[in-house]
Each structure stands twice: as C-alpha cells, then as structure tokens.
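What follows is each chain in one-letter form.
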Amino acid sequence: MPRTTDRLPFPYRSEAGVLAQRLSALQGALDWASAATQAAPWVRAVRENPPPFWAMESLLKEYPISSAEGLALMRLAEALLRVPDAETAIALTADQLGRADFDGAADSTLARLSSTAIAMSKHFLPQAGSEPGLMVKLGAKSVVAATLRAVQLLGRQFVLGQTIEEGMKEAASARKRQANLSFSFDMLGEGARTDADALRYLASYQHAIAAISRTADPTRAPSQNDGISIKLSALHPRFEDAQHDRVMRELVPRVWTLCEGAAAANLNLTIDAEEVDRLELSLDVFEALVKLVAQHCPQWQGFGLALQAYQTRAVELIEHVAALGRQYRLKFMCRLVKGAYWDAEIKRAQELGLPAYPVFTQKPHTDVSYLACARALLDAPDAIYPQFATHNAGTIAAILQMAATTGPHAPPLRGSLPPEGAQAGLGRPGAGLPKFELQRLHGMGEGIYREVLKNPAVSCRVYAPVGAHRDLLAYLVRRLLENGANSSFVHQLADESVGMDELLLSPLEQSQPAALSSSLPLPPDLYGSARPNSLGLDLAVITHREPLLAAHAALVVPAVPEATAAEAQAAVTKAVQAFAGWNHTPVAERAATLRRAADAMQQHLPQLCALLVKEAHKGWNDAVSEVREAIDFLRYYANDAERVMAPQALPGPTGESNTLRMEGRGAWVCISPWNFPLAIFAGQVAAALATGNTVLAKPAEQTPAIALEAVKLLHAAGVPASALQLLHGPGETVGASLVAQPGIAGVVFTGSTQVAKIIQRALAAKDGPIIPLIAETGGINAMLVDSTALPEQVADAVVQSAFRSAGQRCSALRLLCVHEAIADGVFEMIEGAAKELVAGDPSELATDLGPVIDAEAFDGITRHVQRLHADARPLLGSCRATHGQVHVIAPQMFEVGAIADVTQEIFGPVLQVVRWSGDPMAVVQQINALGYGLTLGIQTRIDSRALALAGAARVGNVYVNRNMIGAVVGVQPFGGEGLSGTGPKAGGPNYLLRFCAEQTLTINTTAAGGNVALFTG
C-alpha cells in the first residue's frame, strides 16, 4: 500500500504561495461584508448580555492571559491540582500569586470581589525563599485550600463531567435548555507514555461508547446522535512515524474495536488531530480502518477525523479524504478546527532547521485557510458531512453563507444571506437531514452560540471534555492559550474597546501574498543574516529520508592509516612552521574558508550521516543533528573570529593611542571523542583555525573515517594541508606524543576526566611556556523533580536525556532525584516508557538505541550494571530489541539510597534514581558535593524555585522543564566546571579567546610634535 505521503504535497512550502491558492479558491465564493452584517447582531447581543463571570469570554476580559494576573491563574490551574504535599502547594501558590497585583485588576463586581480576596490572601502566604512562621503556615494552608476549590470550580466550567455518566447527565440538562444540541464526548488524557496507559485509555473509550450507546437511537443518523472523539496517541505509546509497522500492527485492531461499538449504535466516532509529523501516520491508520468499515459496516456514516486548517496542506488533505470516501462509497464526518499545536509546530520547524513552516504563521492566513477548507468540505457532500468547530462569529456567518451558495443545486451568490431559517439545506423541517453542523468547545463560545442557535435550522455539537479535573491540566492550558491570545476572536469579543469593524474585519483583506510579512523568520533565517541556520531533515517525510538511506546503502567506510610517534613529531614541526603564514592570513579570509567548509558539509549531509551511522553507531536523528551541529560550529566560529580578532581601541591620555590586538598562539593539538566524532571534532578544529592557529587533529580511535572526511572538506575549502593535519592512532602513543612535543602552543580535549588529568600533568611537567588546556570532561548529570512537575513531561525528558544515543552523551542524565510524594508514579511511568524503546541496528528507522561504541565500553558498562544489581534496587526490565546486534545494552534504571552513593559516571544507558524530601536546595548542595558540574535538569512549576536552584547549582548548563541534551551552538554554549572541565564553553562568545594571545600596542603620538587633534579640536 502506498504511504499517504505519496498523495499529499510537501509539508514545508512557501506560505505566500499556499495563501495565494487559498485566496483564489475563495474568489466569488464568499461575500464577507454580508457575513459581517449577519454576525454583527450576535456580537452586540453578547456584549449587551455577557456570559457569567466564569465563562471563557468573561474570564479573558477580567484576567487576560497577556497580564501577570491571567498568567498566574493559568499556571495555578495547570499545576495545583496535581500537587500532593501541602508544603509544595503553598510554595506554588505563593510563587504564582506573588507575581501578580490583583488590586484593581478587574472590572465587574464579582471579579473585583475575587481580586480583592486574592489580594488579601497573598498576605497569608510566605515570601519566596523565606521560612514561614506558624501563623503564616496556618493561613497559607487556608489560602491553598481556597485556591484549590477555585481551580476545581474553574475546571467544572470546561469539563462536562468527571465520568461519562456525569457528562451525559449534564448533556441531557443542556439539551433541555437548547434543543438543537448534540455532543461529542472527549475522554480527557494526553498521549500514552506506556502500554499500560494506552490500555487504560482504550478501556475508558470502550466504556464511554457503551454508555453513549445505551441512550442513542441506532435508527437515527450519526449526525443526530451523540458521539465520541478519540486520540490515537492515547492508544499507543509509540505513535510516531518511525514505528509505522508496529503502529499499524498494534493500534489498528484497538481502534477497530471502538469503531465496531460506535457503528453498532450509529454514533459519530472522530479521530482527533495530532501534530504535523504524525499526519501521514494518522491517515495510514485511518485508511486501514476505512477498509474495515467498507467491508464490515458500509452503512455506517459516523466515522471521521478532525482536520486542522492551520496546516498548509489542509485543503489537499480534505480532497484526499473526499477521494477516499468516493473510492469506498462511504461518507465521513469531518471536524474542521483551526489547530491546537501552533507554537509547538513553529518551535519544531526551527529546531530541526526545516525549509519552511508546515503551518501558517499569521492568524489571518489561518482564517483564510479555514474558509477555503470550509468551501472544500461543502463541495464534497457525497463523501463528507462537515463539522465546523469555531467560536468566531464572522466565520460562522461565512459558513452559513457558503452552505447556502455551494453544492450542485446551490443558487448563485447573492449580496446578502437568505432570511433567517431559510438557508438551503440547513436542516429546516421538511428539508431532510442537515448537510453540516457547527461545533463549539464546552465552556467557550456560549454567548455567540446562544444567539446563533436562535435559528432552529442551525445545529450545533458541543465538544465536551470528560474526566477527572486533575486530568484537564495540559488540555486546559492549551485551550486557554489558543482562545485567549490577544489576536483571538474570543478575547477581542470580550474587549469592548475593539470596535465592530475591527472585530469583524475580513481576513481576506488582511492576507495579501504580495505583501506577506511575518514577525517569524523562516527556520533557515533563525539567527539573522549574519549566520544561516543549518538545514535539517524531517525523517517523517519520505523524500527527506530517502537520500540518507541511499547514502548508507552505497557507503564504504574508508580505511585510515595510523600515524607513528615519529610521524606525530614531524607533523608538529610542520605545523609550527606553517603557523606564521596561516596566522597572517586575514581573519576575513580564514572565516570565509570555514564558511565554505560549512556549505560543503551541508551539501554532503546524507553521506556524512551515513558514515556516522556506520562508524559511530548513531541513530538517524542523532546523525542529522550532529552534522548540523558541525555546520553551526564552522559558521559560528567564523563569525565570532571576525568579532574577537578585530583590533579594539582603548581609552587613554591625550597624545597616545592604545590598541588591543589578538593573534593566534601557534600549533594546537585537538583531541576529540568518539561520541560526537564530527561535531566536536569540527568545533575544536574550527575554533583553532579561525583564530590563526595551526591544528594537529587527533580523532578518537573508534571513529577516524568521520574525521578524515571532515578534514578533506576543510582542505577542499581552502585550509592549507600544513595548517590542518590529521593524526589517527592510539591515545597512549599518538596522543601522548603530540602532547609531549615542545612546540605545542595549546591542547583542547574532550573526553574522560581521568584522561584530562593525565594531559594536565603531562603539560605541567614540560619545560618552557605554560601551555593552556581546554578540557570538557564527564559529569554525573542530575535532574531534580519536585511535586509540581507534570509526570508525562518528566518521563519524556528523562527517557530522552538518559537513554537516547545509548546514554553516550556528555550531557546525558545519570542521576534522577524525584520528590517522594510523586516518586512511585514517576518511576513507573519512566519504566513503562523505557520498555517501549527499541534497541538494535542503528540504520533501522525504528531503532531508538544502537550499540555502545565498542567491546571495551560494553564490558565496562556491564560490570557497572552487575554491581548495581547487587547494591541497588533494579526498576527496569528489558526493552524491545532487534536480534543479531552486538554490544547492545538495553536501558537500565536502579534506585539508590542517597545521592552520595553515585560516585562515578557510567557512560551508557544506565540511570540511577533517588527520592528526596524537605528542602530542594539541600538536594542541589548534595549534587554540588559530587564535584562534577556539567548539566542539571530542573522540573518544577515554581518559577522562583527554578531560578534559585539554578543560581545555587555549580554546573555549566541548567535546563528547566525540558530534556538535558542537544545543546545548540550559539544558543546554549556548552561546558562545565569542577571535574567536568575547565571552560570556556564551546559554542559561546568566550570560547575563542582561550585560543588567542593578546597584544596591546601603545603609540606615543606626541613624539613627532604633539597631538594635533587636541590643538585643533
């Protein structure tokens, strides 16, 4: 079966080009002025009779998310319900409420009372970092209890019920108040991290379908019955393109059991939308299910999926789904939404260095896309029953207009809408079933729909979240951010300072491709014109990964001859002699050479990635990231050398000029590791060359071919052979010989702390000049997790940080410290997620962990694991593995008694965990006492705590609420202190200075007769 990717356009296209297509599709199909005229009375009615204080529109009016007060309330809603211990709950409440000034923050009477209560409550909360007394503690507990109750009340506004039975009861009550309502129940839950999570969500969906079926009428169309929305990522812990075969084998049967239940009762079952990189996989699952529907229940017209208008491929996706319906003689119910992951999609495209964004970057463009998608849905009545999810009054009016003027029997477009209740095919009595429905989210848009649904011809389905209030956390915040942004209709509706003309301004008029401008630079332009961002690949796109696989199939790893000690000595002599010529080469010319080498690496990215996979056992994602990092190093140091080495005029007395100049030091030995054999190798070499030094590059013994290819590219770009020499061989002979040579001007080393100390002692024992050493060494990298952290985010960050790259990163997580109140649940989730990882052949896309680098590493890690089995408590069994691979070590996790028990770094996929209680600052002090200082992760929702812990940590890189790996050149300069290195940080603004010698030139300008400028000034 061909993949869906073959049938959809490339996801990273020109936004201006796609926008022009969407505008063209709407030509003659929509009279926006007429739609705005229809919408205006709805807006006036809502403003004259606003919803209750707790409704979304009112909340956003009183506490906009852009304000400190709104943000504080949102953060409390996101985290407070899941905090099990009172001490942390008090700290969180004090932290968030302390950031905002609720005095005078609201307008309405109820809101003013709420603000006053909050402002008074703050007096009972401890100040950040202070030790509260008894009375403050008692008062703080009362404030937290009241805040918890308020958050629970807030949750009730956006969650229909905590169980499906409670939700159905609330739905029945709502229908008594508004007859033309139906519901799509969404069982709350984010993506599954473990198979146990997935099976629990599956059981929840099955129970919900059974409950809904008991009150549904199977003789009615699905559009007239309630339904359910399901999330594929909740039903499989590895719902990602790299696991395509496994997903199709395991997930499709699970979803089919849900489809069978929904079809039997004639319910609507909608597959919710996911992120862009899951679109093709979602459609492959959808098509597999469509075939089963066509075979077993072809009469069912309730199967469907959600479509996101903010994707630049949305219209083509609709056309694909319609074609699928016609092919199988089925009709699908398709919910059109604007999209729920906009900021995540933007960030992902920037981080991956993709050529463009897969989503529109401006709200009016998404609005135009939504209208074009609506037109496409309405144009396929034989295959699609459209469901339009929107809270925008203008969009609703436009949909009603297009519904009355599209289709095979539609009248020509008129200057105004038909009279209320007379729109063709909207479901009026005697006209048969409606040909579409509107949708809103429970708790939002109630004011507008109160007015719209006065027309009995219009039907509306409420997307209704169901689940425990604590489960709404991430969901609620995402919806608040979507609908609460200053540019959103829901926000502007509540803001009476926004006039009717502005509120209902045509998105078509705001979107002109010829004048397309965006505050967002394209991913290649992320760092401005001075330094292009390296271009990456999206391995979920077949056309992006095909060159990698082809390069791997054709690759033959070249042999690299080993140098002798005598050859190393001769190379040093050659480098010392070449230094003057390279140092006197203008810095602009040296920088241009490095930029040419970066461009060449970009062109050879597939071949370099293939070599990293074969020689260094990298997975494909890691290989792409490493080539990009090498490119970024070359460009960053080229730019920074021009800055650092520019002469600086210094102040001084009249009649004298003082200039600080930088020069290279001489011949540098660059010793790079096998875990980043291209990126760190290129970074060391580029830094030395950019500053005018010559280089003797000694790569790791395990990965010389990668270094050889990098040197070839640098030579081809213009670096003289004498200025850059590659010397491959054992560290004990070649490396030791290079370090011992008298002509060496400096050494830069990345590797173990033990070897760094050997180099340090060797340099100190030499006669002659004191030689600088730049060392970046190991680390017992820790992550501190308090009880406000979201367990799913913690599990993601831990699995990525501890086990990705088989744990063979300098920054990899080695020690996880979790608050005792949540430790059991967090450990269980990490264990379940780690068991889903695949260990084996790194050239397979589905592989998460390749082999460790060699037999020596395998044996060393194995001995540590055996020791921990005896000294600690094992928490993790075996993960999924492919056969026939040597030196593969599955993820390992052990609980130890104390932080002090972790005395050495285990350079592999081995994680040690410990529970903590009390003061988190004491935990950081214990981590500091280990002596290493490379990376630290902090997972907390208490902002002041995160800043205080980061300030106390003696580490080079602190990562808050994210993983701890993947430092980006120029963004997160990398390096440590203590046993973790000397500094300065690689990829940062201070790194090149260590490679330079400084000279101050002072000229007495009065020696030739005085300072003329002073006399004539």
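Residues numbered from 1 in each chain as written. Predicted model: local features only at pLDDT ≥ 70, side-chain atom pairs only at ≥ 80, totals over all residues. Heavy atoms only, no water.

Asks: Explain the overall build of the chain here, please?
Replies: Regarding its fold elements, the chain presents 35 helices and 27 strands. Taken across its 1017 residues, the chain has 59% of its residues classed as buried. Looking at the chain alone, contacts between residues at least 24 apart form 78% of all its contacts between residues at least 6 apart. Accessible surface, the chain as shown: approximately 39100 Å² in total, 54% of it carbon and sulfur. (Helix = DSSP H or I, 4+ residues; strand = E, 2+ residues; numbered from the N terminus. Buried < 20%, exposed > 50% of the residue type's maximum accessible area, 1.4 Å probe, protein only. Contact = heavy atoms within 4.5 Å. Areas by Shrake-Rupley, 256 points an atom, 1.4 Å probe, with all protein chains shown as cover.)

Asks: Sorry if this is basic, but what is going on with the packing of aromatic side chains here?
Replies: Centre distance and the angle of the planes are the two values used to describe a pair of aromatic rings. Within the structure shown, the criterion is met by 12 aromatic pairs. The ring of Phe676 carries the charged tip of Lys618 above its face, separated from the ring centre by 4.1 Å. (Phe/Tyr/Trp six-rings, centres within 6.5 Å; stacked < 30°, edge-to-face > 60°. Lys NZ or Arg CZ within 6 Å of the ring centre and 35° of its normal.)

Asks: Would you take a moment to explain the sheet that holds strand 24 (residues 935-939) for this structure?
Replies: For sheets, the rule is that strands pair by backbone hydrogen bonds, running either parallel or antiparallel. Spatially, 19-21-22-17-16-24-25 is the arrangement adopted by the 7 strands of the open sheet, whose pairing is mixed. Only two strands of the sheet have a single neighbouring strand rather than two, namely strand 19 (873-874) and strand 25 (957-960). Across 4 bridges, the pairing between strand 16 (residues 782-785) and strand 17 (residues 815-819) is parallel. Residue Leu784 lies in a different strand from strand 17, and its bridge partner there is Cys817. Contacts from helix 30 (residues 791-803) reach strand 16, strand 17, strand 21 (892-895), strand 22 (910-916) and strand 24, with the element oriented near 170° to strand 16. Sheet strands touched by helix 31 (residues 823-835): strand 17, strand 21 and strand 22. Its angle to strand 17, the strand with the most contacts, is close to 140°. (Pairing = 2+ DSSP bridges. Axes fitted to C-alpha atoms, helices over the stretch in contact; angles between N-to-C directions.)

Asks: Looking at this structure, how should I read the sheet that holds strand 2 (residues 227-230)?
Replies: Strand order in the closed barrel formed by 8 strands is 1-2-3-4-5-6-7-8, with parallel pairing between adjacent strands. Pairs of neighbouring strands in the sheet enclose a mean axial angle of 30°, with direction left out of account. The strands touched by helix 9 (residues 195-215) are strand 1 (181-187), strand 2 and strand 3 (268-271); relative to strand 2, the strand with the most contacts, the crossing angle is about 170°.

Asks: Looking at this model, I keep getting lost on the pairing of strand 11 (residues 667-671). Mind explaining?
Replies: In regular strands, side chains alternate between the two faces of the sheet. Most of strand 11 is tucked away, with 5 of its 5 residues classed as buried. Residues Ala667, Val669 and Ile671 of strand 11 are buried on one face, and the alternating residues Trp668 and Cys670, pointing to the opposite face, are buried as well. Across 5 bridges, strand 11 lies against strand 12 (residues 694-698) in parallel orientation. Opposite Trp668, over in strand 12, you have Val695 as the bridge partner. At this point the chain moves from strand 11, through helix 26 (residues 679-690), to the parallel strand 12, and the crossover so formed is right-handed. (Right-handed = clockwise from strand over helix to strand, strands pointing away.)

Asks: Just checking my understanding: could you explain the nonpolar core for this structure?
Replies: The nonpolar side chains of a soluble globular protein tend to be buried with one another. Grouped together as the largest cluster of nonpolar side chains are 116 residues, with contacts concentrated most on Phe185, Leu269, Phe303, Phe388 and Ile448. Counting residues per element, this core draws most heavily on helix 10 (residues 244-265), at 11 residues. Setting aside residues no more than four positions away along its own chain, Phe388 makes contact with Leu336, Tyr370, Ala374, Leu377, Leu378, Ile399, Phe436, Glu437, Leu438, Gln439 and Tyr449. Counting residues in hydrophobic clusters, the runner-up holds 69 residues, among them Leu537, Leu605, Trp668 and Ala697. (Core = buried A, V, L, I, M, F, W, Y, C linked by side-chain atoms within 4.5 Å.)

Asks: What exactly am I supposed to notice about the side chain of Asp95 here?
Replies: Mapped onto the fold, Asp95 is located in helix 5 (residues 86-97). Of note is the side chain of Asp95, whose polar atom sits 2.8 Å from the side chain of Gln96. Within polar-contact distance, the side chain of Asp95 engages the side chain of Ser944 at 2.6 Å. Asp95 has contacts with Arg941, Ile942, Asp943 and Ser944, leaving out every residue within four places of it along the chain. (Polar contact = N/O pair within 3.5 Å; in protein donor to acceptor, adjacent residues only side chain to side chain.)

Asks: How should the pairing of strand 25 be read in this particular structure?
Replies: Residues Asn957 and Tyr959 line the buried face of strand 25, whereas the alternating positions Val958 and Val960 sit on a face that is not buried. Here strand 24 runs beside strand 25; their pairing, made up of 4 bridges, is parallel. Of the residues in strand 25, the one forming a bridge with Ile938 is Val960.

Asks: What exactly am I supposed to notice about the packing of helix 14 (residues 363-378) against helix 15 (residues 393-405) here?
Replies: Between two packed helices, what matters for the description is the angle formed by their axes and the separation of those axes. Look at helix 14 against helix 15: their axes get within 10 Å of each other, and the N-to-C directions meet at 30°. When the interaxial angle is binned, helix 14 and helix 15 end up roughly parallel. In the packing of helix 14 onto helix 15, the handedness of the crossing is right-handed. Each of Tyr370, Leu371, Ala374, Arg375 and Leu378 in helix 14 lies in contact with helix 15, whose residues at this interface are Thr395, Ala398, Ile399, Met402 and Ala403. Grouping the amino acids of the contact of helix 14 with helix 15 by side-chain chemistry returns 8 nonpolar, 1 polar and 1 charged. (Parallel < 35°, antiparallel > 145°, perpendicular 65-115°, else oblique. Left-handed = near helix turned anticlockwise from the far one by under 90°. Nonpolar A, V, L, I, M, F, W, Y, C, P; charged D, E, K, R; others polar.)

Asks: What is the right way to look at helix 22 (residues 565-583) in this model?
Replies: For an α-helix the count is 3.6 residues per turn, leaving residues at separations of three or four pointing the same way. Counted at 1.5 Å a residue, the expected span for helix 22 with its 19 residues is 27 Å, and the 26 Å between its end C-alpha atoms agrees. At Gln577, helix 22 shows its strongest bend, of approximately 30°. Taken together, the buried positions of helix 22 are Ala568, Ala571, Val572, Ala575, Ala578, Phe579, Trp582 and Asn583. (Expected span 1.5 Å × (residues − 1). Bend = angle between axes of the 7 residues up to and from the residue.)

Asks: For this particular structure, what's the right way to read unusual backbone geometry?
Replies: Phi is mostly negative for residues that are not glycine, and the peptide bonds are mostly trans. The omega angle of the peptide bond from Gly983 to Pro984 is -5°, so this bond is cis rather than trans. Counting through the fold element by element, Pro984 comes out in the loop between strand 26 (977-978) and strand 27 (996-1004). Of note, His617 is a non-glycine position whose phi angle comes to about 60°, a positive value. Position of His617 among the secondary structure elements: in the loop between helix 24 (605-616) and helix 25 (620-644). With a phi angle near 60°, Ser805 is a residue other than glycine that sits in the positive phi range. Residue position: Ser805 is located in the loop between helix 30 and strand 17.

Asks: For this particular structure, what's the right way to read the environment of Ile631?
Replies: Tracing the backbone shows Ile631 in helix 25. The class for Ile631 is buried, based on a relative accessible area of 0%. Put simply, Ile631 and Leu605 are 26 residues apart on the chain and 9.7 Å apart in space, counted from C-alpha to C-alpha. Residue contacts for Ile631: discarding those within four places in its chain leaves Ser534, Ala598, Met601 and Gln602.

Asks: Looking at this structure, I do not really get the pattern of salt bridges. What am I missing?
Replies: Oppositely charged side chains are able to pair whenever their charged atoms sit close together. Following the criterion strictly, the structure yields 43 salt bridges and no others. Notably, a salt bridge pairs Arg326 with Asp382, separated by 2.8 Å at the nearest N-O pair. With a gap of 56 residues between them, Arg326 in helix 12 (residues 314-328) and Asp382 in the loop between helix 14 and strand 6 (384-389) connect regions that are remote in the sequence. For the salt bridge of Arg531 with Asp632, the shortest nitrogen-to-oxygen distance reads 3.9 Å. With Arg531 in the loop between helix 20 (507-510) and helix 21 (542-554) and Asp632 in helix 25, this pair connects stretches of sequence that are 101 residues apart. Each of Lys231, Glu274, Glu275 and Arg278 takes part in a single network of salt bridges with overlapping partners. (Salt bridge = Lys/Arg side-chain N within 4 Å of Asp/Glu carboxyl O.)

Asks: When you look at the environment of Glu626 in this model, what are you seeing that I'm missing?
Replies: For Glu626, the location among the structural elements is in helix 25. Sequence separation of Glu626 and Ala679 is 53 residues, and the distance between their C-alpha atoms is 5.6 Å. Sequence-distant contacts of Glu626, defined by excluding residues within four places in its chain, comprise Leu612, Lys618, Asn675, Phe676, Pro677, Leu678 and Ala679.

Asks: Explain helix 23 (residues 587-603) here, please?
Replies: With 17 residues, helix 23 should reach 24 Å at 1.5 Å per residue; the first-to-last C-alpha distance of 25 Å fits that figure. Contacts from the buried residues of helix 23 go to helix 22, helix 24, helix 25, helix 26 and helix 27 (704-717).

Asks: Can you walk me through a negative patch on the surface in this structure?
Replies: Together, Glu562, Glu701, Glu732, Glu856 and Asp859 make up a region of like negative charge exposed at the surface. Mapping Asp859 onto the fold places it in helix 32 (residues 855-871). What makes Asp859 partly exposed here is its relative accessible area of 38%. (Patch = residues over 30% accessible without salt bridge, like charges linked within 9 Å, V, L, I, M, F, W, Y side chains within 5 Å. Lys, Arg positive; Asp, Glu negative; His and termini not counted. Charge placed at Lys NZ, Arg CZ, Asp CG, Glu CD.)

Asks: Please clarify how the side chain of Asn533 should be interpreted in this entry.
Replies: Along the chain, Asn533 turns up in the loop between helix 20 and helix 21. Here Asn533 falls in the buried class, since its relative accessible area comes to 3%. Polar side-chain contacts of Asn533 include one of 3.1 Å to the backbone oxygen of Pro523. Not counting residues within four places of it along the chain, the set of residues in contact with Asn533 comprises Gln350, Gly353, Pro523, Pro524, Leu526, Tyr527, Arg628, Asp632 and Arg635.

Asks: What's the story with the state of the cysteines in this structure? I'm lost.
Replies: The bond known as a disulfide is covalent and runs between the sulfur atoms of two cysteines. Throughout the structure, instances matching the rule amount to 0 disulfides. Free of any disulfide, Cys259 has its nearest cysteine sulfur in Cys297, 7.5 Å distant. According to the relative accessible area criterion, Cys297 is buried, its value standing at 8%. (Disulfide = S-S within 2.5 Å.)

Asks: Explanation requested: the packing of helix 25 against helix 26 in the structure shown.
Replies: Running from N to C, helix 25 and helix 26 point in directions that differ by 15°, and their axes come no closer than 8 Å. Relative to helix 26, the element helix 25 lies roughly parallel. Crossing angle aside, the handedness with which helix 25 passes helix 26 is right-handed. Contact residues: Glu626, Glu629, Ala630, Phe633, Leu634, Tyr637 and Ala641 in helix 25; Ala679, Ala682, Gly683, Ala686, Ala687 and Ala690 in helix 26. Here the contact of helix 25 with helix 26 is built from residues that sort into 10 nonpolar, 1 polar and 2 charged.

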